[in-house]
Every structure is written in structure tokens, then in C-alpha cells.
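# Examination of the molecular architecture
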Amino acid sequence: MSIVEDTFNDPRHRRSEELAFVADRLRRQGEHASAQARYGEAGRLELEVARGIGNDGTQRKLRSIFAISAVVYLHRGGLLSEAVRAAHEFLARPEYLQEDGVAELENSLDDALRSRELHDLLGSDVQAVPLEIRLEGGDVRRGLAPTKAVQARGGIVESVLLRVADWRAGHKFRPSGRSAFAANLSFYEAPARAASYGIRFFVCSALNDMDESRVTSGEAVDSFLELAELAVMDPNALKEYVGDQAYSQAFLRAFRDLAPDGSQVGRVSISSPGTANEGLTARFLPEHRVALNTSIAAVTRSQDSVRGVLKSIRLHKSRAISVEDDEGATHVFALPTNEHDDTIGHKLNRRVEVTATRVRRRNGTFQLVVDDVLVAESEDVEDAD
Amino acid sequence: MVGKKVSLKLPRTRLLDLSRLAGVCGLSQGLREALVEAARVMLTRHRHTPPSPGQWARSGRSEPIRVVWELPDATMIESHANEKDATEDGAYALAISAMASLGFRVRGRTAQGSGSDWWMVQPDHPDVLLKLEVSGISERGAPGTRLVQKKQQGQGGLLRRPGVAVVIRFQDVKVWSEEWP
């Protein structure tokens, strides 16, 4: 029998596999306390197995795999101090681990430490779900990213998550104003990991909220990730899945603005690290931004385009924006109802490219109605369409 | 007059036998049975009857497959009522069977940063671990895109290992797979 066979066949690992399988299902059904109990037990069993693995050759690989598994299950099980201690225990002897196993274990330790801080701050009956928007390529380097690329995306996440919660709860689309979930979902930002650049959030809600009309942080993040995956695969599939036109347009615009422009940012990945959201990692490339724009805009209609500085935004009566172009001329565009509200605020006083469609009014005159507002602060930014 | 004999070489049909998963993977009985039940429920849900013909696209070719399974009982159908979970779990069962037909043996599953990893080995190299990434689709979907995503997911992450990405669609019993080094 090989060492791999012996380790995987260890009855404690087999039991942890079964516990984790059941825990995954319970978590999806909203049975968080029951899921946590099973994850915690799985983590303790996995830890026993990991401790028994030797430290040469193939065993270093196995030791890495099982050490990470133990720490992650303990974290999911809410046994945060045990997860942190276990991570430190294995990291104290990095020569017994594979190099990439060390890095992965350090990430898992960081996740557990952040969760522990949140629990100390908010209490242990809080569900704190991590969400990471990882930026790569373009001008992004390890631990460094253009401020504007980060701010633009960070500003979108909270508002779109609240809108996802509204949609999931079946609320009518809210063109403006505060979400019904602004009170029960809270957001905390964590520093990016050193190995890349990621905008990290923790989305928090009460763990065992008995109000069934409320959407928990886990449910909001799950739905957000599902929608992100659909936005990557096929924007029309997202429209079909969401059903409501106002919501689907809002989500498509949000993912369009999160997607990379191919210049400042080459790739954007959205995931929930350290959780059981298996397979839910949406990876956006510049071509996805183009596809999303195509899906949002009516490309068969006549379009105008202006580059300049966004000088004003009016979101109530007579919704409109004004842009001052390079010659100093001011262009006014009408804002369609229920569109752009979540994503336009941070573009004020910045250089933008506005694409608009000429729409004929009843009196025979034409009005320019906004299709898209792209930040255009780098001369190399590609046209989205 | 003797007619000219024409030899028709029909492609050999690869069998994916869900009833024999115990002999080809290292999972515990409980977990294995749950995955197989889910596959049986999903095949039934899409009005298939055993054994079910299908296709497997890999390495630029398509080959016929036949899935050997048994109809589920009412308890199983009720236990796997959540279609999303049943699609995922059933896909694992079919993927494990598919890999077994190629000589791989799935050993088990562990947690990692953003989900879980399924691990498999080949008999000639029992200590060389390979990853298995699986995605299940009930109907329609975008299997090509899903396969690319699963392959990227398998190749990504910090614990890099070679492996295979597999997508299963129950509507028409189709398998897509692609390896990465």
C-alpha cells in the first residue's frame, strides 16, 4: 500500500470527508449551526491525520494537503483559535511542507485571523463571509494596484450586494434610496494578501436570524457569485435567470464595471476564499467587459460618444449627467430610469467616455440617452464596444 | 457470386458502471452511495432509462459511452430533491466512474482555500497525486465555457498539481473532459 492510499484510507479522514459532505449540504440549506458543528468535527479529525504524516518526499506534499484541509475545516467550523494554532503548528516547520503549501497555509491562517478579529468585534453569533475581488495583469503587481482601479471596484461591491439581497428577497426594484438590508448586512474591508492584489471584504449578518424574510450574508454572497459566473458565461443567461429587467440591467452594469479594461487591469476574479462555495469563482477578462456592454446597450441603434470630465449627476427629477469635453463644451445626456445609479457616483469629476443613443422625443426633437459611462483616465483604455 | 465483405469498425462503447464504483474509488461507503444515488435521481429526472447511451468529448474526439445504473426508489428521489445539490453530487459519481475507465482511481477529497479538491492517482504511480475538477449541468448550460473555467480553477490556486477537468450534463448524458499538465 502506498502512503497516499494509507493516508486517505485512514478512518478519521474518511469520517471527515463524510462530515464535510453533509456540512456542505446543511450550509446551503441555511442550517449554519449544524453545518459548523460538522465542519469543526471534520477539522479536528483531519488535524489528527495531518499530525501523523511524516516529513520526507511524498509525505511533505500530503502533509501540506491535510494541514490546509484541517485549518480550513476548523475555520468553517467556527473553531478559529484552533485553526490559528493548527496553522502556526505546521508553519513552524516549513521544511516539512511543500513551498506552495506554505503559501496556501499562510493564506488560510490570514483568513482565520481576520474572522477571529471580526468575531471579537461583532460577537460569535455573526456569519462573516469573505468575498475577494482579485485584480491581476495590466498595471497590477504583487501587493500593488492603481488606486483608481481599486476604488472604482471597491465602491461597487457593497451597493450591488445589497441589491442582490433585495432581489433574492423578492423586493421590487429600488431605483434609489436605502436597501431594506442595509441594517442587517454589514461590510468590513481587510488588507489585500501579499501574493497578489485583492480587494477583500467580509460580509456580516446575524448567524441564526429567525426572520425568514431576511437574506443572510452567506445567501447574498452565494447569489452574487452565481450571478458573477453567469455574467462570465453568458450575459443573456443572467438576464434569463434574474427575470426582472431592471435588476438584470443593474447587475450587468455592475459586473461590467468590475470587469477588467485590459489596460490598468488584465483579469478580475471574484470568489469567496475559505468557504465551501466550491467552483464559484468567476474570472473576468477584457472580452467579458465587451460582451456585457453589448448585452446592456442597444447596439443596433444609432450611438454617440463623447470623452470629457463628468461634471454633474442628477438622479431625481429630469435625470441627467453633464460632461465637459476637451474643448470646454458641455454635453447633457439623459439618464434612463433605474439605470447607472449604483455605478456612476465614483465617476464624478473624472475623465469618462459616454456612449449614448439618440432617441426621438414626441415633439420631434432628439435626446441623447446614456448607454454607458466608462472611466477613461488612461489614454490606452480600449473602447468597450 | 460472393459479395465483397465490408468491415465496419464501430467505435467501442465505453462503459461507465455506477454500480461498481466501490471497486474503483477509495471513498467511504456512505459518501459513495450518496453520490451514486444523486446520479440515479438526475438521470431519472431527465427521463433516461438504464442503461443510458451518451457521448464523451475529450482530446478533440467524441466517443460513445453507456452509463450503467439502476432506477432510484421514492426515498432516494425525495432525499435528492434539491436539484442543484443533486446535479453536483451526481456529476461527481459520473466523473469518478469516467476517470476509473481511463485507469485513474479517485482517493478522496480535502478542503482548500476556495472549495475542495478531489484527488486521484494512477496504479503505476500510486504516490503521484492528481486533481480532479468536476462540474455538473442539469440541462443546456454552457459546457465548453464551464470546462474552461474548471480547468483554470484546477490549474490555479497555490497547491498546483496536474489533473483533469470534467463537465457532466444529465440532459443528454454527455461528458466533456480536458487534462492539464
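Residues numbered from 1 in each chain as written. Chains lettered and ligands numbered in written order. Predicted model: local features only at pLDDT ≥ 70, side-chain atom pairs only at ≥ 80, totals over all residues. Heavy atoms only, no water.

Attention now goes to the overall build of chain A. Assigned secondary structure in chain A consists of eleven helices and ten strands. The buried share of chain A, reckoned over its 385 residues, is 56%. Contacts spanning at least 24 positions in sequence make up 66% of the contacts within chain A whose residues lie at least 6 apart. Summed over all atoms, the accessible surface of chain A reaches about 16,300 Å², with 46% contributed by carbon and sulfur. (Helix = DSSP H or I, 4+ residues; strand = E, 2+ residues; numbered from the N terminus. Buried < 20%, exposed > 50% of the residue type's maximum accessible area, 1.4 Å probe, protein only. Contact = heavy atoms within 4.5 Å. Areas by Shrake-Rupley, 256 points an atom, 1.4 Å probe, with all protein chains shown as cover.)

Another point: the interface of chain B and chain A. With 41 residues of chain B at the interface, the matching set in chain A holds 44 residues. With both chains or domains summed, chain B and chain A bury close to 3,800 Å², and 49% of this area falls on carbon and sulfur atoms. There are eight salt bridges connecting chain B and chain A. Among the ionic pairs, Lys84 of chain B bridges to Glu226 of chain A, the shortest N-O distance being 2.3 Å. Where chain B packs against chain A, one counts 14 residue pairs in polar contact (both at pLDDT 80 or more). Elements represented by at least two residues in the side of chain B that touches chain A include exactly helix H1 (29-45), helix H3 (83-101), strand S4 (105-112), strand S5 (115-122), strand S6 (125-137) and helix H4 (143-155) of chain B. With seven residues, S4 of chain B is the largest single contributor of residues to the side of chain B that touches chain A. (Buried area = accessible area lost by both parts, 1.4 Å probe. Salt bridge = Lys/Arg side-chain N within 4 Å of Asp/Glu carboxyl O. Polar contact = N/O pair within 3.5 Å; in protein donor to acceptor, adjacent residues only side chain to side chain.)

Glancing now at the environment of Leu227 of chain A. Checked against the element boundaries, Leu227 of chain A lands in helix H8 (residues 217-233). With residues up to four places along the chain from it excluded, the contact list for Leu227 of chain A reads Val164, Trp167, Leu238, Tyr241, Val242, Phe251 and Phe255 of chain A.

A word on the pattern of salt bridges. All names here are of chain A. If you walk through the whole model with that rule in mind, you get 34 salt bridges over all chains. A salt bridge links Glu132 to Arg134; the nearest nitrogen and oxygen atoms lie 3.6 Å apart. Looking at Glu132, the relative accessible area reads 4%, which means it is buried. Among the salt bridges present, the one from Arg351 reaches Asp326, with a minimum N-O distance of 2.8 Å. Separated by 25 residues along the polypeptide, Arg351 in strand S9 (residues 351-360) and Asp326 in the loop between strand S7 (320-325) and strand S8 (330-334) bring together distant segments of the chain. Note on Asp326: relative accessible area 56%, which makes it exposed.

Residues and elements named next belong to chain A. If you walk across this open sheet you meet the five strands as S2-S3-S1-S4-S5, and the pairing is antiparallel. Either end of the sheet is taken by a strand with one partner, and the two such strands are strand S2 (186-190) and strand S5 (282-284). Strand-to-strand twist across the sheet, computed as the mean angle between neighbouring axes with direction ignored, equals 20°. Here S2 runs beside strand S3 (residues 197-206); their pairing, made up of five bridges, is antiparallel. The residue bridging Glu189 from the neighbouring strand is Phe201, located in S3. Helix H7 (residues 147-168) rests against strand S1 (126-136), S2, S3 and strand S4 (267-271) of the sheet, and its axis sits at about 20° to S3. (Pairing = 2+ DSSP bridges. Axes fitted to C-alpha atoms, helices over the stretch in contact; angles between N-to-C directions.)

For any part of a model where pLDDT is low, the fine detail of the predicted coordinates should not be relied upon. The predicted model of chain B averages 88 in pLDDT, with 92% of residues at 70 or higher. Interface predicted TM-score (ipTM) for the complex: 0.89; the corresponding pTM is 0.75. (pLDDT = per-residue confidence, 0-100.)

Right, let's talk about the pairing of S3 of chain A for a bit. Residue and element names in this part refer to chain A. Buried residues dominate S3, accounting for nine of its ten residues. For S1 and S3, the ladder comprises ten bridges, and the chain directions are antiparallel. Within S3, the position partnered with Gln127 by the bridge is Ser205.

What follows covers the packing of helix H3 (residues 32-51) of chain A against helix H4 (residues 58-76) of chain A. For any two helices packed against each other, one specifies the inter-axial angle together with the distance between the axes. Residues and elements named next belong to chain A. Put simply, H3 and H4 touch, their axes get as near as 7 Å, and they point 155° apart. Compared by their axis directions, H3 and H4 come out roughly antiparallel. For H3 against H4, the interelement crossing comes out left-handed. Here Gln36, Tyr39, Gly40, Ala42, Gly43, Arg44, Glu46, Leu47, Val49, Ala50 and Arg51 of H3 lie close against H4, whose contacting residues are Arg63, Phe66, Ala67, Ser69, Ala70, Tyr73, Leu74 and Arg76. For the contact of H3 with H4, the per-class residue count stands at ten nonpolar, four polar and five charged. (Parallel < 35°, antiparallel > 145°, perpendicular 65-115°, else oblique. Left-handed = near helix turned anticlockwise from the far one by under 90°. Nonpolar A, V, L, I, M, F, W, Y, C, P; charged D, E, K, R; others polar.)

Counting 52 residues, the largest nonpolar core has Phe251, Phe255, Ile270 and Phe284 of chain A as the members making the most contacts within it. Formed by 40 residues, the second largest nonpolar core is a distinct cluster that contains Leu45 and Val72 of chain A together with Val121 and Leu129 of chain B. (Core = buried A, V, L, I, M, F, W, Y, C linked by side-chain atoms within 4.5 Å.)

Attention shifts here to H4 of chain A. Residue and element names in this part refer to chain A. Between its terminal C-alpha atoms H4 stretches 27 Å, which fits the 27 Å expected from 19 residues at 1.5 Å a residue. Here H4 lies mainly inside the structure; 17 of its 19 residues are buried. Positive backbone phi, approximately 75°, marks Gly78, located one or two places after H4. (Expected span 1.5 Å × (residues − 1).)

Among all positions of helix H11 (residues 286-296) of chain A, only His288, Arg289, Leu292, Asn293, Ser295 and Ile296 of chain A are buried. The buried residues of H11 of chain A occupy an angular sector of 160° when projected down its axis, which confines them to one face. (Arc of directions from axis to C-beta.)

With that settled, the discussion passes to the environment of Asn184 of chain A. Residues and elements named next belong to chain A. If you trace the backbone, Asn184 turns up in the loop between H7 and S2. Using a relative accessible area of 12% as the deciding quantity, one classes Asn184 as buried. In this structure, the C-alpha to C-alpha distance between Asn184 and Ala206, residues 22 residues apart in sequence, is 7.4 Å. A polar atom in the side chain of Asn184 sits 3.5 Å from the backbone oxygen of Val215.

All names here are of chain A. Contact pair H7 / H8: the axes reach a minimum separation of 9 Å and the direction vectors enclose 100°. Considering their axes alone, H7 and H8 lie roughly perpendicular with respect to each other. Between H7 and H8, the contacting residues are Val160, Leu161, Val164, Trp167 and Arg168 on the first element and Glu219, Ala220, Val221, Asp222, Ser223, Phe224 and Leu227 on the second. The residue inventory of the contact of H7 with H8, partitioned by class, reads eight nonpolar, one polar and three charged.

All names here are of chain A. On average, residues of chain A carry a pLDDT of 84, and 89% of them reach 70 or more. The element-level mean pLDDT for chain A is lowest in S9, coming to 82, with helix H5 (residues 80-91) highest at 96. Note that pLDDT drops below 50 for residues 298-302; the model gives that stretch eight contacts with residues more than four away or on any other chain. The low-confidence segment residues 379-385 (pLDDT under 50) makes 15 contacts with residues lying over four places distant or belonging to another chain.

All names here are of chain A. Note: S7 against S8, five bridges, orientation antiparallel. Counted as the bridge partner of Ser322 is Val332 from S8. The antiparallel hairpin formed by S7 and S8 contains four residues in its connecting segment, where Gly328 sits at a positive phi of about 90°.

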